[in-house]
Amino acid sequence: MLEVETLISGYGRIEALHGVSVSVGAGEIVTLVGGNGAGKTTLLRAISGVQPVTGGRVAFEGADITRVPAHKRISLGIAQVPEGRQIFAPLSVEDNLRLGAYRSKEGRNTVQSDLGRIFEMFPILAERRRNPAGGLSGGQQQMLAIGRALMGRPRLLLLDEPSMGLAPILVDQILEAIVTLRKAGVTVFLVEQNAYAALSIADRGYVIETGAIAKEGSGKALIEDPAVREAYLGV
Ligand code: ATP
């Protein structure tokens with residue numbers, strides 16, 4: 001579904017990605033783990049099209065999208081949930097979700113059924129639908145950010161550190177939601193510092209170190225890899 005080949009990207013003269021290649025198959029959960037500043041966010045933003053690239057190629061469902069602008073990638077079916085959630089605090093939960101439908105190709109008649117689906121997946125959002133989003137807890141805001149991305153009916157969801165700042169019980173809820181999404185046919189590319197949790201739900205994973213892929217394998221193989229365990233799992 002997604003093929004990233006030898007991607008080069010950076011900020012001015014600083015090169016942050018030195019030729020990164022990753023692929024995500026339809027229906028997979030693929031995780032990218034790595035330390036602070038390794039290039040995880042830069043890679044996700046390059047895939048969603050908001051980060052310029054200076055070399056390499058991004059292909060989605062067989063088509064080269066390297067030069068396709070970000071808003072068109074959304075209509076192709078790629079949605080990113082940014083790090084730090086970026087919800088609209090004064091707006092209600094429901095209005096935040098409705099904003100996610102703004103680019104939806106299908107039009108208004110799908111909005112109600114999409115809202116229904118998301119409220120089913122995250123019942124707490126249904127309970128709070130009329131409340132300002134800023135009053136939600138961290139975990140609930142993360143669910144809202146994911147829900148908002150789903151309103152555009154993406155086929156590929158890019159998630160940037162969804163567990164950041166969350167209590168362990170909420171991390172589990174978010175991971176369960178990701179597994180549920182996959183069952184509903186959404187393909188997931190997940191960036192996480194919480195490597196153990198992310199690898200344990202992933203079909204495959206990559207380890208990125210200072211802008212280059214250092215390792216790849218099944219989620220299970222990476223969890224069992226002694227070097228990965230020492231560097232990222234704290235065991
Ligand atoms: P984190 O987990 O801390 O978010 P990351 O793996 O997502 O880290 P990136 O944010 O992609 O890493 O950063 C990769 C490299 O690019 C780092 O060296 C970082 O300092 C640099 N970088 C990131 N954003 C900018 C920016 N806006 N301007 C200049 N350099 C940047």
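Note: the structure precedes this text.
These numbers were taken from a predicted model, which means no experiment stands behind them. Counting restarts for each chain, with residues numbered from 1 along the sequence as it is written. This being a predicted model, a pLDDT of at least 70 is required before a residue's local features are given, and a value of 80 or more before pairs of side-chain atoms are given or counted; all residues contribute to the totals for chains, interfaces and linings. Heavy atoms throughout the structure, all of them, feed into the side-chain values; hydrogens and water do not.

Details of unusual backbone geometry
Reasoning step 1: The phi dihedral of T6 is positive, around 40°, even though this residue is not glycine.
Reasoning step 2: The helix count covers DSSP runs of H or I at least four residues long, the strand count covers runs of E at least two residues long, and both are numbered beginning at the N terminus. Positionally, T6 belongs in strand β1 (residues 2-11).
Reasoning step 3: The exposure class assigned to T6 is partly exposed, which follows from its relative accessible area of 46%.
Reasoning step 4: Look at E161: it is not a glycine, yet its phi comes out positive at around 50°.
Reasoning step 5: Among the structural elements, E161 can be located in the loop between β7 (156-160) and α7 (168-183).
Reasoning step 6: Using a 1.4 Å probe on the protein chains alone, a residue whose accessible area is under 20% of its type maximum counts as buried, one over 50% counts as exposed, and one in between counts as partly exposed. By relative accessible area, which is 7% here, E161 ends up buried.

Some details on the pattern of salt bridges
Reasoning step 1: Each reported salt bridge corresponds to a side-chain nitrogen of Lys or Arg within 4 Å of a carboxyl oxygen of Asp or Glu. Scanning the entire structure with this criterion turns up 13 salt bridges.
Reasoning step 2: Put simply, R129 and E94 hold a salt bridge, and the shortest N to O gap is 2.8 Å. With R129 in the loop between α5 (123-127) and α6 (138-150) and E94 in helix α3 (residues 93-100), this residue pair connects regions lying 35 residues apart in the sequence.
Reasoning step 3: Residue classification places R129 among the partly exposed positions, given a relative accessible area of 25%.
Reasoning step 4: Of the residues examined, E94 reaches a relative accessible area of 8% and is grouped as buried.
Reasoning step 5: A salt bridge links E224 to K220, with the shortest nitrogen-to-oxygen separation between them at 3.3 Å. Of this pair, E224 and K220 are both found in helix α9 (residues 219-224), 4 residues apart, which corresponds to roughly one turn of the helix.
Reasoning step 6: Salt bridges here are not isolated pairs; linked through shared partners, they connect E94, R98, R129 and R130.

Description of helix α10 (residues 226-233)
Reasoning step 1: Its side-chain oxygen at 2.9 Å from the backbone nitrogen of A227, D225 defines the N-terminal cap of α10.
Reasoning step 2: The first or second residue beyond α10 is G234, which carries a positive phi of 65°. Pairing of N or O atoms within 3.5 Å defines a polar contact, subject to two protein rules: one partner must be a possible hydrogen donor and the other a possible acceptor, and residues neighboring in sequence count only if both atoms are side-chain atoms.

Considerations on the nonpolar core
Reasoning step 1: Within this scheme, the nonpolar core is defined by two criteria: the residues are buried Ala, Val, Leu, Ile, Met, Phe, Trp, Tyr or Cys, and they are joined through side-chain atoms within 4.5 Å. Judged by nonpolar contacts, the single largest core of 38 residues is most densely connected at L125, L144, I146, L157, L159 and I178.
Reasoning step 2: Sorting the residues of this core by element identifies β6 (78-81), α3, α4 (111-121), α6, β7, α7, β8 (187-192) and α8 (195-201) as the ones contributing at least two each.
Reasoning step 3: By the convention used here, residues are in contact when the closest approach between their heavy atoms is within 4.5 Å. In this structure L144 touches I87, V93, N96, L97, L125, A133 and L136, once residues within four positions along its chain are discounted.
Reasoning step 4: Core analysis: the second largest hydrophobic core is formed by 25 residues, A38, A46, I65 and Y206 among them.

Some details on the pairing of β7
Reasoning step 1: Most of β7 sits out of view: 5 of its 5 residues are buried.
Reasoning step 2: Neither face of β7 is exposed, since L156, L158 and D160 on one face and L157 and L159 on the opposite face are all buried.
Reasoning step 3: The rule for pairing is simple: two strands pair if DSSP sees at least two bridges between them. Sheet topology note: the β7/β8 ladder contains 5 bridges and is parallel. When the sheet's bridge partners are listed, L156 is paired in β8 with T187.
Reasoning step 4: In this fold, the crossover linking β7 to β8 by way of α7 has right-handed handedness. Handedness of a crossover: with both strands directed away from the viewer, a clockwise path from the first strand across the helix to the second marks it as right-handed.

Notes on the site of the ligand
Reasoning step 1: Contacts to the ligand come from 13 residues, most closely from G37, G39, K40, T41 and T42.
Reasoning step 2: A38 places a main-chain nitrogen or oxygen 3.1 Å from an oxygen atom of the ligand.
Reasoning step 3: Contacts to the ligand include K40, whose side-chain N or O atom sits 2.8 Å from an oxygen atom.
Reasoning step 4: Considered on its own, the ligand offers 630 Å² of accessible surface; in the complex 61% of this is hidden by protein.
Reasoning step 5: When residues of the shell around the ligand are assigned to their parent elements, the largest contribution, 3 residues, is made by helix α1 (residues 40-48).
Reasoning step 6: By the convention adopted, Pro, Cys, Tyr, Trp, Phe, Met, Ile, Leu, Val and Ala count as nonpolar, Lys, Arg, Asp and Glu as charged, and the other residues, Gly among them, as polar. When the residues that make up the shell around the ligand are grouped by side-chain class, the tally is 3 nonpolar, 7 polar and 3 charged. The cutoff for a nearby residue is simple: one of its non-hydrogen atoms must lie within 4 Å of the molecule or strand. Calculation of accessible area relied on Shrake-Rupley with a 1.4 Å probe; when residues are assessed, cover is drawn exclusively from the protein chains displayed.

Digging into the packing of α3 against α4
Reasoning step 1: An axis is simply a line fitted to the C-alpha atoms; with a helix, the fit covers only the stretch in contact. Between two such axes, the angle follows the N-to-C directions and lies from 0 to 180 degrees. Across the interface, α3 lies against α4 with an axial gap of 11 Å and an inter-helix angle of 120°. Judged on the interaxial angle alone, α4 and α3 are oblique. The handedness of the crossing between α3 and α4 is right-handed. Contact residues: α3 offers E94, L97 and R98, while α4 offers V111, Q112, L115, I118 and F119.
Reasoning step 2: Residues of the contact of α3 with α4, tallied by class, amount to 5 nonpolar, 1 polar and 2 charged. For this classification, under 35 degrees means roughly parallel, over 145 means roughly antiparallel, 65 to 115 means roughly perpendicular, and everything else is oblique. For any helix crossing, the convention is left-handed if the near helix is rotated counterclockwise from the far helix by under a right angle, and right-handed if that rotation is clockwise.

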